[in-house]
Amino acid sequence: MVRKTSIIKGERVQLPTKYGHFELIPFQEKISGLEHIVLIKGNISTKDNVLTRIHSSCATGDIFGSLKCDCGEQLIASMKLIEKEGQGIIVYLQQEGRGIGLMNKIKAYKLQEQGMDTLEANVHLGFAPDEREYEVGADILNALGVHKIKLLTNNPDKINKLEQSGIKIVERIPIIINSNEFNKDYLSTKETQMGHQLSENDT
């Protein structure tokens, strides 16, 4: 199933980074106006099984290097893996706080400081444990001519939702990040309650 596009494609420019040389294309959702970012390495438009990371925004981790999550480290690891592969895509979606937004994410952080885990905090605020959707990610991949991917993810829900949107996942490649004293409980919750693969021995 190929969905009717809901996005506007922006200009394509060069983006040299610390982790490799990429091209950048912005995309904008027609209805909401939300803007997303794609990084591309190599010629991917006619390729199957493209190494791909669908990454939800995390201002605290991606920008400030927060140790309370593994988001920023996953993004950097994905960029390095794609650079090494010589070809791939990072789709950076504006879905802060597993889709609840920055203000509510920080409220959830406050509840976690008071003893709740990351899922309990979201539910206490009236949200599902994970509010993210990936249809727009599928739209972006379709706009790029990519329909079969090797997905860099620990998250089984992301696989399911992308496949429901018509993207074929030919391989799931986990991104294993070592825990630290600040995120070990957070990662444990994701592994035991959300089914994330966080170690090489998981199946």
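Cut-offs used in this document
- Residues numbered from 1 in each chain as written.
- Predicted model: local features only at pLDDT ≥ 70, side-chain atom pairs only at ≥ 80, totals over all residues.
- Heavy atoms only, no water.
- UniProt positions renumbered as here; feature names shortened; annotations may be inferred.
- Helix = DSSP H or I, 4+ residues; strand = E, 2+ residues; numbered from the N terminus.
- Buried < 20%, exposed > 50% of the residue type's maximum accessible area, 1.4 Å probe, protein only.
- Contact = heavy atoms within 4.5 Å.
- Domains from an automatic or database assignment.
- Buried area = accessible area lost by both parts, 1.4 Å probe.
- Salt bridge = Lys/Arg side-chain N within 4 Å of Asp/Glu carboxyl O.
- Polar contact = N/O pair within 3.5 Å; in protein donor to acceptor, adjacent residues only side chain to side chain.
- Pairing = 2+ DSSP bridges.

1. Observations concerning the UniProt feature "active site" (unreviewed entry) in the chain
Next, step 1: The sites that carry the UniProt feature "active site" (unreviewed entry) are, in the present numbering, Asp-130 and Arg-132.
Next, step 2: Assignment of secondary structure puts Asp-130 in the loop between helix H5 (118-124) and helix H6 (135-143).
Next, step 3: According to the relative accessible area criterion, Asp-130 is buried, its value standing at 14%.
Next, step 4: Along the chain, Arg-132 falls in the loop between H5 and H6.
Next, step 5: Leave out the neighbours within four places in its chain, and Arg-132 touches Ser-56, Gln-95, Arg-98, Gly-99, Asn-155 and Lys-161.

2. Points about the domain arrangement of the chain
Next, step 1: Taken domain by domain, the chain holds domain 1 (12-95 + 132-193) and domain 2 (98-129).
Next, step 2: Centre-to-centre, using C-alpha coordinates, domain 1 lies 22 Å away from domain 2.
Next, step 3: Taken residue by residue, the interface counts nine residues in domain 1 and eight residues in domain 2.
Next, step 4: Each partner contributes to the roughly 870 Å² buried at the junction of domain 1 and domain 2, and carbon and sulfur atoms together form 56% of this total.
Next, step 5: Connecting domain 1 to domain 2 are one salt bridge.
Next, step 6: Note that Lys-68 and Glu-113 form a salt bridge whose closest N and O atoms lie 4.0 Å from each other.
Next, step 7: Across the contact surface, domain 1 and domain 2 share four residue pairs in polar contact (both at pLDDT 80 or more).

3. Considering the environment of Lys-168
Next, step 1: In this structure, Lys-168 sits in strand E8 (residues 168-173).
Next, step 2: As a C-alpha pair, Lys-168 and His-147 span 21 residues in sequence and 6.1 Å in three-dimensional space.
Next, step 3: Ignoring sequence-local partners within four residues, the contact set of Lys-168 consists of His-147, Lys-148 and Ile-149.

4. Here's the deal with the side chain of Asn-154
Next, step 1: For Asn-154, the position within the fold is in the loop between strand E7 (148-152) and helix H7 (156-164).
Next, step 2: Taking the relative accessible area as the measure of exposure, Asn-154 reaches 2% and is therefore buried.
Next, step 3: Among the polar contacts listed, one links the side chain of Asn-154 to the backbone nitrogen of Ile-175, at a separation of 2.7 Å.

5. Comments concerning the UniProt feature "binding site: GTP" (unreviewed entry) in the chain
Next, step 1: Under the feature "binding site: GTP" (unreviewed entry), the UniProt entry names Arg-53, Ile-54, His-55, Ser-56, Ser-57, Gln-74, Glu-96, Gly-97, Arg-98, Thr-118, Thr-153 and Lys-158. Spatial dispersion of the annotated residues is evident: they stretch over 106 residues in sequence, and the largest pairwise C-alpha distance comes to 22.8 Å.
Next, step 2: Inspection of the secondary structure puts Glu-96 in helix H3 (residues 96-99).
Next, step 3: Residue Glu-96 is classed as buried on the basis of its relative accessible area, which comes to 13%.
Next, step 4: If near-sequence neighbours (up to four positions away) are discounted, Glu-96 is found in contact with Ser-57, Cys-58, Ala-59, Thr-60, Gly-101, Leu-102 and Lys-105.
Next, step 5: Note on placement: Lys-158 falls in helix H7.

6. Considering the pairing of strand E2 (residues 13-17)
Next, step 1: Across five bridges, E2 lies against strand E3 (residues 20-29) in antiparallel orientation. Its bridge partner lying in E3, Leu-15 is registered against Phe-22.
Next, step 2: As consecutive antiparallel partners, E2 and E3 are separated by two residues.

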